[in-house]
Amino acid sequence: KGSVIIQSTHKRKDGSLFPVEVNIKYVSLEKDYLVTVVRDITKRKQNEEALKESEARNRALLKAIPDWIFLQTKDGMFLDYHANDVENLAALPEDFIGKNMFSIFPLYLAKQFAQHFENVFQSKSLRTLEYDYHRKDGLEHYEARSVPLDDQRVLTMVRNITERKRM
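Residues numbered from 1 in each chain as written. Predicted model: local features only at pLDDT ≥ 70, side-chain atom pairs only at ≥ 80, totals over all residues. Heavy atoms only, no water.

**Digging into the side chain of His141**
To be explicit about the condition: The way it works is that DSSP assigns letters per residue, a run of H or I at least four long becomes a helix, a run of E at least two long becomes a strand, and they are numbered from the N terminus. Relative accessible area decides the class of each residue, using a 1.4 Å probe on protein chains only: under 20% of the type maximum gives buried, over 50% gives exposed, and in between gives partly exposed. Throughout, a contact is declared for two residues whenever any of their heavy atoms are within 4.5 Å.
Residue placement: His141 occurs in strand β7 (residues 138–148). By relative accessible area, which is 18% here, His141 ends up buried. The residues contacting His141, other than those within four sequence positions of it, are Tyr131, Asp132, Arg159, Asn160, Ile161, Thr162 and Lys165.

Here it is as structure tokens:
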């Protein structure tokens, strides 16, 4: 007793096949009945395939981007990231996800980022910040390109521009 949902394929009058969802439910009135509803799910299947293709394309695109990508809250808490070279980040992901930039970076740099985010949200458009960061191998130069994702989150792409600066 209860209901069962299965997916199947049915044949149209012209002989072509199409996907369906079949919902079978047991109903007891004065007698016992099986109520069956068959729904054409062609559009849903097409949308699922389009989504899978889009996700595969986006994964490939992310693999091709050498920049680091960070999703942060308006006040600087790290929510997510993408990096093909995690070992070159200023901190390991487990040390910065869920934490504020003020607890990760030196105060002078966190203040620069905070001002940068303020500019991004005030302008509601893409803003670029060039900054220097002292790493164990010496001073490196970076470019951060940030855009508001919505009223509370910012998406930032960071690129190491040290070689360009040296030229």
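**Topic: the pairing of strand β6 (residues 127–135)**
Rule in force here: One requirement defines pairing of two strands: DSSP has to find at least two bridges between them.
The pairing of β6 with β7 spans 9 bridges and is antiparallel. Looking at the pairing, Tyr133 lines up with Glu140 of β7.

**Re helix α3 (residues 107–123)**
Convention followed: Each residue after the first adds 1.5 Å to the expected span of a helix.
Here α3 spans 24 Å end to end across 17 residues, near enough to the 24 Å set by a 1.5 Å rise per residue. At its buried positions, α3 is contacted by β4 (68–73), β6, β7 and β8 (153–160). Once α3 finishes, Lys124 follows within two positions and takes phi at roughly 55°, a positive value.

**Regarding unusual backbone geometry**
Look at Lys124: it is not a glycine, yet its phi comes out positive at around 55°. As for its position among the elements, Lys124 is in the loop between α3 and β6.

**Details of the packing of aromatic side chains**
What counts is decided by this rule: Under the pairing criterion, centres of Phe, Tyr and Trp rings, with the six-membered ring standing for Trp, must be within 6.5 Å; the plane angle then separates stacked pairs below 30 degrees from edge-to-face pairs above 60, leaving the rest tilted. Lysine NZ or arginine CZ positioned within 6 Å of the ring centre and within 35 degrees of the ring normal marks a charge as sitting over the ring.
Evaluated as defined, the whole model comprises 10 aromatic pairs. Note on Phe70 and Phe96: the rings are 5.9 Å apart at their centroids and 70° apart in plane angle, and the pair reads as edge-to-face. Highlighted residues: Phe70 in strand β4 and Phe96 in helix α2 (residues 93–96), separated in sequence by 26 residues. Here Phe70 and Phe96 have matching classes, each one buried. Residue class for Phe96 comes out buried when judged on its relative accessible area of 3%. Among the aromatic residues, those joined into a cluster by ring pairs are Trp68, Phe70, Phe78, Tyr81, Phe96, Phe105, Phe113, Tyr131, Tyr133 and Tyr142. The residue whose ring lies beneath Lys74 is Phe121, and the NZ or CZ to ring-centre distance is 5.1 Å.

**So, the layout of surface pockets**
Condition: In this analysis, the protein atoms alone were mapped onto a 1 Å grid. Cavities are point sets where a 1.4 Å probe fits without being able to get out; pockets are open sets with protein on both sides within 12 Å along at least five of seven lines; lining residues have an atom within 4 Å of a point. Grid points are joined across faces, edges and corners, and a volume is the space filled by probe spheres set on the points. Ten residue types, Ala, Val, Leu, Ile, Met, Phe, Trp, Tyr, Cys and Pro, are classed as nonpolar, four, Asp, Glu, Lys and Arg, as charged, and the remainder, Gly among them, as polar.
A volume near 210 Å³ is recorded for the largest pocket. Taken together, Trp68, Glu87, Asn88, Leu89, Arg135, Lys136, Asp137, Glu140, Tyr142 and Asn160 make up the lining of the largest pocket. In terms of residue class, the lining of the largest pocket is made up of 3 nonpolar, 2 polar and 5 charged.

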